[in-house]
Amino acid sequence: MDWLSTLIGAAIGFVSSIGIIVVQRLFDRAGKLEIYAKVVYDRLTGSNTWGFQKRADGILLNIPIWIEIQNLSNSTRILRDINLLLVSGGKEIATMVQGTKVDQENRGVYFYANGGSYSLSVAGGEIKRIDCHFLLKSRTDVPHFDEIKLRYFDEKNRPRKFSLGKVEGDWCIKEFPRNEDWIKLREEK
């Protein structure tokens, strides 16, 4: 009978150890990502901010932006394929192009985002800032739009979307006002 008591004790110890590990992982995952954005000047020109610009091959929507990610949990979080979406009447109509690098005269090549990649991992309790540049040439299949959203895919490949705000996206040459402060983005539900 002593062996039965030992076996039951070992089983109880094993199950409680597994339970403690599961609870600890749940606590580590508690907390969320907070994302902030700040529109900045175009790194290449140093003077253009976000808006519609005339180029030799047409009109270009240019959005240079810093994105700061704060991980409030104790576990590593993945952000894959960070990008901007153009939205018209609540419907997503276009995905912008992620600028990967710019060749600056006398200063060499500068890589945007995470070494040219718009994906990164953020360790628990860590803050990361990435310098991004999103572009889109005018096309007939991208009509007027009224909102810009930030989207990324999380570690479970679920899309996460945040509104950057309403905008008059009529493809007319203009620059939009640039906010000097960081804007905290709110996730859509």
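Residues numbered from 1 in each chain as written. Predicted model: local features only at pLDDT ≥ 70, side-chain atom pairs only at ≥ 80, totals over all residues. Heavy atoms only, no water.

*Asks:* Go over the nonpolar core, please, and point to the residues and values.
*Replies:* Ile63, Ile67, Ile82, Leu86 and Trp171 are the most contacted members of the largest nonpolar core, which has 38 residues in total. Broken down by secondary-structure element, the contributors of at least two residues to this core are β1 (33-39), β3 (58-71), β4 (77-88), β9 (120-122), β10 (127-137), β11 (145-153) and β12 (159-169). Here the element with the most residues in this core is β3; it accounts for six residues. (Core = buried A, V, L, I, M, F, W, Y, C linked by side-chain atoms within 4.5 Å. Buried < 20%, exposed > 50% of the residue type's maximum accessible area, 1.4 Å probe, protein only. Helix = DSSP H or I, 4+ residues; strand = E, 2+ residues; numbered from the N terminus.)

*Asks:* Now, about the pairing of strand β2 (residues 51-55): what can you tell me, with residues and values included?
*Replies:* The sheet contact formed by β2 and β3 spans five bridges and is antiparallel. Opposite Arg55, over in β3, you have Gly58 as the bridge partner. Hairpin geometry of β2 and β3 is characterised by an intervening segment of two residues between the two adjacent antiparallel strands. Judged from the two bridges that link them, β2 and strand β13 (residues 174-175) form a sheet pairing that is antiparallel. The residue of β13 that forms the bridge with Gly51 is Glu175. (Pairing = 2+ DSSP bridges.)

*Asks:* Give me the lowdown on the pattern of salt bridges, citing residues and values where you can.
*Replies:* Under the definition given, this model contains 13 salt bridges. A salt bridge links Lys184 to Glu34, with the shortest nitrogen-to-oxygen separation between them at 3.3 Å. Here Glu34 lies in strand β1 and Lys184 lies in strand β14 (residues 183-184), a separation of 150 residues in the sequence. Owing to a relative accessible area of 33%, Lys184 belongs among the partly exposed residues under this scheme. For Glu34, a relative accessible area of 13% puts it in the buried group. Within this structure, Asp154, Arg158, Arg160 and Glu187 form a network of salt bridges that share partners. (Salt bridge = Lys/Arg side-chain N within 4 Å of Asp/Glu carboxyl O.)

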